[in-house]
Amino acid sequence: WAETGGVREPTLPSIGWRNDEQPILYKGKINGIYGDPETAKTWFALHLASQVMHKGGSVALIDIDHNGDSDTVDRMRKLGVHNTHFNPQTFRYYAPETPQELLAVRQDIIEQQPTLVIMDSIGELLPLLGQDSNSNDEISRAYRAMLLPLAQPETAVLTIDHLAKAGKSDHAYAIGGIAKKRIINGAYYHAEAITIPAPGIVGKIRINITKDRPGGVRANAIAGTIGNLILDSTAADKTVQATLASTIGSPLRPVNTMERISRLLEREEGTAMHKATIIKNGINVKAATLDQALKVLVDEKIGRAHV
């Protein structure tokens, strides 16, 4: 493009989607998310992984945070990933314990060229490679050795990390040296809990942008955030409805609660009891979640809630 005097096309995010279909991760680059404990960072990564797999892509997950393969697969099943997706062509799970195993993982991923690589977590990567997480030189060395080779043209890398102590970074980057933020050449997100996720409730995590070198994510964001990660765990079958809800004119859709309301009204059709009383007595969720579910049902005229 330089020889012809043209202007290079901007780099745009292309995988990991909000509910308005706007992508949030860049292929060929290192992206990251960090935050306090219980801010659903791993759920965020697995939600994006499930999206990639449902769209026909492949995922490699490097688990050096000792989440375990059983718990990881269980979470992904709760997110709706079918058993048929757990095969070497679609999903690869790695749990390296030594630097040699980690380098072997790196080579296997380079050969496989998955759509998305998840590194969980950076906090464990540096000690595993014998590097000091407070040394910018050693952080840069570890990232160049392990992460840059994974960020191939058709592969997005997503790192998970912990938040620096209060006063150390002003929430602008994860714990340790500032090189952690400097090495990110894609999008860098800070997960901030609004409602901490837990079984039986609807958790809400605000996903703030702290770095977007290409600029393609900020172009579709507002007030420094791409939206809220909603984890609805109220379903009786223990599934989790995950939504990355845009904050730009896109309402929260608590799908599990909406479905429960519709089924309940269908079962109780013909009874003398008022529908509002049926719903109040039969749906045990937070009032705000119930109100939002009813609003969306009425607005969209889904099921019988609008009758």
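Student: Can you help me understand the overall build of the chain in this one?
Tutor: Along its length, the chain carries nine helices and eleven strands. Taken over 307 residues, the chain has a buried fraction of 48%. Within the chain, contacts between residues separated by at least 24 positions form 65% of all contacts whose residues are at least 6 apart in sequence. Accessible area of the chain: about 14,800 Å², with a carbon and sulfur share of 49%.

Student: When you look at the pairing of strand S5 (residues 91-94) in this model, what are you seeing that I'm missing?
Tutor: Regular strands place their side chains on alternate faces of the sheet. With four bridges joining them, strand S4 (residues 59-63) and S5 adopt parallel strand pairing. Across the sheet, Val59 pairs through a bridge with Phe91, a residue of S5. The parallel pair S4 and S5, bridged by helix H2 (residues 69-78), forms a crossover whose chirality is right-handed.

Student: Please clarify how helix H1 (residues 41-54) should be interpreted in this entry.
Tutor: Counting along an α-helix, one turn takes 3.6 residues, and residues three or four places apart therefore face a common direction. Between its terminal C-alpha atoms H1 stretches 20 Å, which fits the 20 Å expected from 14 residues at 1.5 Å a residue. In terms of burial, H1 is a largely internal element, 13 of the 14 residues being buried. Where H1 ends, the next residue or the one after it, Gly56, has phi of about 95 degrees, a positive value.

Student: Is there a simple way to explain the pattern of salt bridges in this structure?
Tutor: Side-chain pairs of opposite charge can arise where the charged atoms are in close proximity. Scanning the model with the defined rule gives six salt bridges in all. Across the pair Glu154 and Lys27 runs a salt bridge, and its minimum N-O distance is 3.3 Å. Of this pair, Glu154 sits in the loop between helix H5 (136-146) and strand S7 (156-162) while Lys27 sits in the loop between strand S2 (23-25) and strand S3 (30-35), and the two are 127 residues apart along the sequence. Its relative accessible area of 25% is what places Lys27 among the partly exposed residues. Put simply, Asp108 and Arg92 hold a salt bridge, and the shortest N to O gap is 3.0 Å. Residue Asp108 is located in helix H3 (residues 99-112), and its partner Arg92 is located in strand S5; the two are separated by 16 residues in the primary sequence.

Student: Can you walk me through the pairing of strand S10 (residues 225-232) in this structure?
Tutor: Of all the eight residues making up S10, eight are buried; the element is thus mostly covered by neighbouring parts of the structure. Direction of pairing for strand S9 (residues 202-212) relative to S10: antiparallel, over a ladder of seven bridges. Directly across from Asn208, in S10, lies its bridge partner Thr225. Here S10 runs beside strand S11 (residues 241-245); their pairing, made up of five bridges, is antiparallel. Counted as the bridge partner of Ile230 is Thr243 from S11.

Student: Is there a simple way to explain the packing of aromatic side chains in this structure?
Tutor: A ring pair, where both rings are aromatic, is described by two values, the distance of the centres and the angle of the planes. Applying the stated criterion across every chain, the model contains three aromatic pairs. Consider the rings of Phe86 and Phe91, whose centres lie 5.7 Å apart with planes at 85 degrees: the pair is edge-to-face. The class for Phe86 is partly exposed, based on a relative accessible area of 23%. Overall, the relative accessible area of 8% leaves Phe91 in the buried class. Sitting over the face of the ring of Trp17, Lys55 holds its NZ or CZ atom 4.6 Å from the ring centroid.

Student: Looking at this structure, how should I read the sheet that holds strand S6 (residues 116-120)?
Tutor: Strand pairing in a sheet relies on backbone hydrogen bonds. The paired strands run either parallel or antiparallel. Taken in spatial order, the nine strands of this open sheet run S5-S4-S6-S7-S3-S8-S9-S10-S11, and their pairing is mixed. Unpaired on one side and paired on the other, S5 and S11 mark the two borders of the sheet. Along the sheet, successive strands turn relative to each other by an average axial angle of 20 degrees, direction set aside. Running over the sheet, H2 touches S4 and S5 and is turned about 150 degrees from S5.

Student: Help me understand H5 in this model?
Tutor: Those residues of H5 not exposed but buried are Ile139, Ser140, Ala142, Tyr143 and Met146. Relative to the axis of H5, the buried residues are bounded by an arc of 165 degrees and lie together on one face.

Student: Is there a simple way to explain the packing of H1 against H2 in this structure?
Tutor: It is at 10 Å that the axes of H1 and H2 come closest, and there the two elements cross at 65 degrees. Every pair of crossing elements has a handedness; the one defined by H1 and H2 is right-handed. Across the interface between the two elements, Thr42, Trp43, Leu46, Ala49 and Met53 from H1 touch Thr72, Arg75, Met76 and Lys78 from H2. Tallied by class, the residues present in the contact of H1 with H2 amount to five nonpolar, two polar and two charged.

Rules used in this analysis
Note on numbering: residues in each chain are counted from 1, in written sequence order. For a predicted model such as this one, the threshold for reporting local features is a pLDDT of at least 70, and the threshold for listing and counting side-chain atom pairs is 80 or more; totals across whole chains, interfaces and linings nevertheless cover every residue. Side-chain metrics rest on all non-hydrogen atoms present in the structure, leaving aside hydrogens and water. Where helices and strands are cited, they refer to DSSP runs of H or I of at least four residues and of E of at least two residues respectively, numbered from the N terminus. Partly exposed residues are those whose accessible area sits between 20% and 50% of the maximum for their type, while under 20% is buried and over 50% is exposed, using a 1.4 Å probe and protein chains only. Note on definitions: a residue-residue contact is assigned when non-hydrogen atoms from the two residues lie within 4.5 Å. Only the protein chains shown count as cover for residues, and the accessible areas themselves come from Shrake-Rupley with a 1.4 Å probe. Pairing between strands is defined by DSSP: at least two bridges between the two strands are required. By convention, orient the strands away from the viewer: a clockwise path from the first strand over the helix to the second makes the crossover right-handed. A helix is expected to reach a length of 1.5 Å times the quantity of its residues less one. Salt bridges are defined as contacts in which a side-chain nitrogen from Lys or Arg sits within 4 Å of a carboxyl oxygen from Asp or Glu. In this analysis, rings of Phe, Tyr and Trp, with Trp reduced to its six-membered ring, are considered paired at centre separations within 6.5 Å, and the interplanar angle assigns stacked below 30 degrees, edge-to-face beyond 60, and tilted for intermediate values. Charge over a ring is defined by NZ of Lys or CZ of Arg lying within 6 Å of the ring centre and within 35 degrees of the ring normal. To define axes, lines are fitted to C-alpha atoms, for helices over the stretch in contact only, and angles between the resulting N-to-C directions are given on a 0 to 180 degree scale. Picture the helix axis, draw a direction to every C-beta atom, and the arc is the one those directions span. What makes a crossing left-handed is the near helix being turned counterclockwise from the far one by less than a right angle; a clockwise turn instead makes it right-handed. As a working rule, the residues Ala, Val, Leu, Ile, Met, Phe, Trp, Tyr, Cys and Pro are called nonpolar, Asp, Glu, Lys and Arg charged, and the rest polar, with Gly in that last group.

Interpretation in functional terms is not warranted from these geometric data alone.
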